[in-house]
Amino acid sequence: MQTIDQTEARHLLREVPYAEWLQIGRMMIPKGIHQARISSLSELEWTIRPTAKTLVLMRFDNLEQWLREAVGDHTLAETVLAIRSRDVPYVEQSQAVYDAVAERVAALKEAAGEEEVRHA
Amino acid sequence: MASKKKVIHDPGALPGYAGKILHLKLSDLSYEVIPTEKYRKWGGGNGLGTALFWDYCEDKTLQDGRHEKNVCVVASSPFCGTSVPSAGGRCEVTGIGYGQIPVSWYTRSNFGGRYSAMMKYAGWDAVVISGKAPEPVWVEVTNATVTYHKAKALWGKGTRETQLAIFSALDRENKGWGWEPLPGKGVEYSTQKPAILCIGPAGENQTQLGSLVHDSGNGAGQGGFGAVWGFKNLKAVSFMGSGSIKIADPMGLVDARFLQKEIYGVNMEEPDIHQWGMLGRVFTSTFVGLPSNNRRAQACVGCVMGCRSRYDIGYGNEVSCQETSWYGHYAGKYAKGDEIEMAKVTMQVADYCNDLGLNSYPFEHGLDWLEGLWHKGILGPGKQIETKLNFNEIGSLEFGKALLKVVAHREDIGKDLADGFVQTAHKWGRKQDHDDGTLLFPYWGMPEHGYDPRAEVEWGFASIMTDRDINSHEFNPLFWKPTVAIAFGMRPRISAEEIVHLIAEKLKPYVKGPECLDFSTNNIYSDEVLNMTRWYIHYSRFWKNSALFCDLRWADLFDTNAPGNVGATGDSRLGEQVFWNAVTGENISFVDGLSKGHRIYVLQSAIWALQGRHRDHAKFADYIYEKKNEEGEFFPFYFWPCKNEKTGKWAYEDVLHRHLDREKFEEWKDRFYKAEGLDPKTGWPTQKTLEELGLEDVAKELDAHGKLGKEA
């Protein structure tokens, strides 16, 4: 497994400039679809975490592009690209993307020396 | 052996109704009693309120509801306080509002809880509020006794403290709350809690986002009626009643309710989580994930679902629905993904919103816009738009409360935002943000509900042909159900072919067939979609806003709980009209109810005409016509039934990535107005239409103002 040094990890976990924030959709029945803007990998992780309340839907091509061009995480972008090519339902792809993001963020946080936060 | 005495049921002269309407004349702090009988034909709620407005508003040309001559009506329906499923607890507010563009139209809002039921138990079907009190007042209504109280001590207080103060004030004998004295002989005390509708600081300061709030989490938000009450110096109206409601055919009501439960009810032992339909579904309306599943259902009077919740952790003091979500993502970001902190802050901010009496919906898109201006260096200390709000702290409890406070109290940027986000954009020289959809407020200066009119056209069409975000979910499951199913890789529970036929049957005779639900880009301006839209408006105007069936349960146009997936709407055994007839003793058909909805809509069109509306006002924000649906950038798909022009086959198709066509929509409006009996050139009602609807007096008044439409 490729090792990540602390400087790179902190760089990848940084908040990107506002103009590069990723827009995603959140579906809440019956309230509707509302957008959220994502500024960092950590934020992406907890935002797309599956819950009983919200179905997060995003375009994976936008996500891949954001990872590559705004965040600069080519490793995770390649993983998303591979998931996109799988012939499985959207939610399965979404779960796989979440798992990949969660694993990546955990690894980056460990390398960066950041603390974990509470989950309900 | 005791002899069996035959019980004779006497439904009274006006079953379902309390029989009288309270007219509060604020200017001289007097009141009068209006017999309900004259207004019975309007049903209740929206229809009743509109007819009363027409008779009691002396100047219908007002363009701002904050005026002494404006009349606000809070109305129940025959169903309120009864056991009609999911219809006993809604309450309708009507009058000229505040804050829409270009004009604050005659409009409506609605809230749940127990207010309308208590109003009727006290003996009143509605309360008409006219004039302006010389000083802040609140009104106590206990059965037939009406008392004005000075509200100086309540002015400035939040909605919770206001209600607590009124509970205490009604405890005249100091026996402690819960043992309220009732006037008159017979029953002298009651353990019931008065039902109070009140405003908070947002209403007192006449902000566009000022709501009317009842108990906790019941709010009439759209329309700015809080501002209307604030202008009128009316802090609260409290009802306490010991009466009951006579039902024309009690067994008919019970039979229909039980049959509905048998066919459509949820099996709580094994709930069908993939159920399609409105009546038989289960959901909760707390939108932020809470760190507890220990929930007790909370419901409006008569509801069979209980979408609201009491959680053991108590976050948010029982607030529910949209206000429990709009700040969630910001709170999560500030808490760095700590879900417990996110939930706590989101609910606390929601509660504060409720306490200030603010409508939280505009903040959903509005805060996103403000945050963008701050990041771009336009908004902030020493910037082009000055503010002391610290956007570095966005997502914190302190920031959330500070933002709400400045709007409710008209401070800082709240001085502008209190008049509306779109109005603020114009004032700040940022009209382009509204035109290009940076600010997602597509109709009448009101925020998008979450369903973009470019994809979900029926929602947009009905909103722009009325007066506000329609917020009526009749057809909306046609998006949710297939979209979620397809996302999960499941076969849609009901095929596109089947569902359009099921619904089209419900919409007859308005529509000819299933093409009314073909949302292909080449069909959305068709006569059939037009007829579906007319049904939608008429249904919501009568069955939903006047009879007061709950929007989250009705209409039930298809339902997988029932044989053949047939929904309950219009059903001869348990449809809307069955309950109406059982309660009122009338004998109307389901379609008769739709005709009443048409009559209400035409009367409202007359009021809009007097206010200065012209058909040219009925247009969306520019981005709806000029930009393809931006949701396509962050949202992957939006499925809706579409018919393939070549093969004739139906499928759920993605209807994102399009914009509306301005010219085609204008031409659609020509046909719409004509079908409604309105003048296509102006949108005003014609003499012929008004006469056919028995509204000759309305025709006279329009004629006197030069606002009578010409026959096509």
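Cut-offs used in this document
- Residues numbered from 1 in each chain as written.
- Chains lettered and ligands numbered in written order.
- Predicted model: local features only at pLDDT ≥ 70, side-chain atom pairs only at ≥ 80, totals over all residues.
- Helix = DSSP H or I, 4+ residues; strand = E, 2+ residues; numbered from the N terminus.
- Rg over C-alpha atoms; globule rule 2.2 N^0.38 Å.
- Buried ≥ 20, exposed ≤ 12 C-beta atoms within 10 Å, placed from the backbone.
- Contact = placed C-beta atoms within 7 Å.
- pLDDT = per-residue confidence, 0-100.
- Pairing = 2+ DSSP bridges.
- Axes fitted to C-alpha atoms, helices over the stretch in contact; angles between N-to-C directions.
- Domains from an automatic or database assignment.
- Nonpolar A, V, L, I, M, F, W, Y, C, P; charged D, E, K, R; others polar.
- Expected span 1.5 Å × (residues − 1).
- Arc of directions from axis to C-beta.
- Left-handed = near helix turned anticlockwise from the far one by under 90°.

Enquirer: When you look at the overall build of chain A in this model, what are you seeing that I'm missing?
Expert: A tally of regular secondary structure across chain A gives five helices and three strands. Moving toward the C terminus, one meets the helices and strands of chain A in the order α-β-β-α-β-α-α-α. What you see for chain A is a C-alpha radius of gyration of 14 Å, in line with the 14 Å of a compact globule of 120 residues. Its C-alpha atoms put chain A at 45 × 30 × 30 Å along the principal axes. Counting all 120 residues of chain A, 38% fall into the buried class. If you take every contact in chain A between residues at least 6 apart in sequence, the share linking residues at least 24 apart comes to 59%.

Enquirer: How should the confidence of the model for chain B be read in this particular structure?
Expert: Detailed reading of predicted coordinates is not advised where the pLDDT is low. Residues of chain B with pLDDT of at least 70 account for 97%, and the chain-wide mean is 93. On the interface metric, ipTM, the complex scores 0.91, and its pTM is 0.95.

Enquirer: Quick question: what am I supposed to make of the sheet that holds strand S2 (residues 32-38) of chain A here?
Expert: Strands belonging to one sheet form pairs held by backbone hydrogen bonds; the direction of such a pair is parallel or antiparallel. All names here are of chain A. One open sheet holds the three strands; their spatial order is S2-S1-S3, and the pairing between them is antiparallel. Strands with a single pairing partner mark the edges of an open sheet, and in this sheet they are S2 and strand S3 (55-57). Each adjacent strand pair in this sheet contributes to an overall mean axis angle of 30°, direction not counted. As paired strands, strand S1 (residues 22-28) and S2 are joined by seven bridges and run antiparallel to one another. The residue of S2 that forms the bridge with glycine 25 is glutamine 35.

Enquirer: In this structure, what is going on with the domain arrangement of chain B? I would like to understand it.
Expert: Quite often, the size of an interface is put as the accessible area lost when its parts meet. All names here are of chain B. Once the domains are mapped, chain B shows domain 1 (20-240), domain 2 (281-428) and domain 3 (591-620 + 674-712). Centre-to-centre, using C-alpha coordinates, domain 1 lies 26 Å away from domain 2. The interface of domain 1 with domain 2 comprises 37 residues on the first partner and 28 residues on the second. Where the side of domain 1 that touches domain 2 is concerned, the elements lending two or more residues are helix H3 (159-170) and helix H4 (201-204). Residues of the side of domain 1 that touches domain 2, tallied by class, amount to ten nonpolar, 24 polar and three charged.

Enquirer: Looking at this model, I keep getting lost on the pairing of strand S3 (residues 72-75) of chain B. Mind explaining?
Expert: Put simply, side chains in a regular strand alternate between the two faces of the sheet. Residue and element names in this part refer to chain B. With burial as the criterion, each face of S3 is covered, one bearing Cys72 and Val74 and the other bearing Val73 and Ala75. Across four bridges, the pairing between S3 and strand S6 (residues 126-130) is antiparallel. When the bridges of S6 are listed, valine 74 appears paired with valine 127. Relative to strand S4 (residues 91-96), S3 runs antiparallel, the two being bridged by three bridges. For valine 73, the partnering residue across the bridge sits in S4 and is threonine 94.

Enquirer: How do you make sense of the interface of chain A and chain B when you look at a structure like this?
Expert: Listed by partner, the interface residues are 35 residues for chain A and 34 residues for chain B. Among the secondary structure elements, those contributing two or more residues to the side of chain A that touches chain B are S1, S2, helix H2 (41-47), S3 and helix H5 (90-112) of chain A. Its residues placed into classes, the side of chain A that touches chain B shows 18 nonpolar, ten polar and seven charged.

Enquirer: So what exactly am I meant to see when it comes to the pairing of strand S2 (residues 30-35) of chain B here?
Expert: Residues and elements named next belong to chain B. In terms of strand pairing, strand S1 (residues 20-25) meets S2 through six bridges, oriented antiparallel. Bridge pairing in S2 places isoleucine 21 opposite isoleucine 34. Between S1 and S2, which follow one another and run antiparallel, lie four residues, and leucine 29 among them has a positive phi close to 50°.

Enquirer: Would you take a moment to explain H3 of chain B for this structure?
Expert: Given 3.6 residues per helical turn, the α-helix brings residues three or four places apart onto the same face. Residues and elements named next belong to chain B. Taking 1.5 Å as the rise per residue, H3 with twelve residues should run 16 Å; its terminal C-alpha atoms sit 17 Å apart, in good agreement. Turning to H3, its buried residues number three or more, namely Thr159, Thr162, Gln163 and Ile166. Projected onto a plane normal to the axis of H3, the buried residues spread over an arc of 95° and lie on a single side. Residues of H3 that are buried in the fold lie against strand S7 (137-142), strand S11 (195-198), strand S12 (212-214), strand S14 (234-240) and helix H8 (339-356).

Enquirer: Sorry if this is basic, but what is going on with the packing of helix H1 (residues 45-56) of chain B against helix H19 (residues 590-611) of chain B here?
Expert: The description of two packed helices rests on the angle between their axes and on the distance between the axes. All names here are of chain B. Where H1 contacts H19, the two axes come as close as 10 Å, and the packing angle between them is 35°. Relative to H19, the crossing made by H1 is left-handed. On the side of H1, the interface is formed by Asn46, Gly47, Thr50 and Trp54, while H19 contributes Lys596, Ile600, Leu603 and Gln604.

Enquirer: Help me understand H19 of chain B in this model?
Expert: Its 22 residues place the ends of H19 of chain B 32 Å apart at the C-alpha level, agreeing with the 32 Å of an ideal helix rising 1.5 Å per residue. Most of H19 of chain B is tucked away: 18 of the 22 residues are buried.

Enquirer: Would you take a moment to explain the environment of arginine 108 of chain B for this structure?
Expert: With respect to the helices and strands, arginine 108 of chain B occurs in strand S5 (residues 106-111). Residue contacts for arginine 108 of chain B: discarding those within four places in its chain leaves Asn46, Glu92, Val93, Thr94, Gly223 and Asn545 of chain B.

Enquirer: Sorry, what's going on with the sheet that holds S1 of chain B here?
Expert: Residue and element names in this part refer to chain B. Taken in spatial order, the six strands of this open sheet run S2-S1-S6-S3-S4-S5, and their pairing is mixed. The open sheet has two free edges, formed respectively by S2 and S5, since each of these has just one partner strand. Mean inter-strand twist for the sheet, computed between neighbouring axes without regard to direction, equals 20°.

Enquirer: Can you walk me through the environment of aspartate 351 of chain B in this structure?
Expert: Residue and element names in this part refer to chain B. With respect to the helices and strands, aspartate 351 occurs in helix H8. Sequence separation of aspartate 351 and isoleucine 340 is eleven residues, and the distance between their C-alpha atoms is 16 Å. Among all residues touching aspartate 351, those that are not within four sequence positions of it are Gly316, Asn317 and Val319.

Enquirer: Got a minute to help me understand the environment of threonine 142 of chain B in this structure?
Expert: All names here are of chain B. For threonine 142, the location among the structural elements is in strand S7. You can call threonine 142 buried: it has 22 C-beta atoms within 10 Å. When the C-alpha atoms of threonine 142 and glycine 123 are compared, they prove to be 9.1 Å apart, with 19 residues separating the residues in sequence. Among residues more than four places away in sequence, those in contact with threonine 142 are Ala122, Leu182, Pro183 and Met240.

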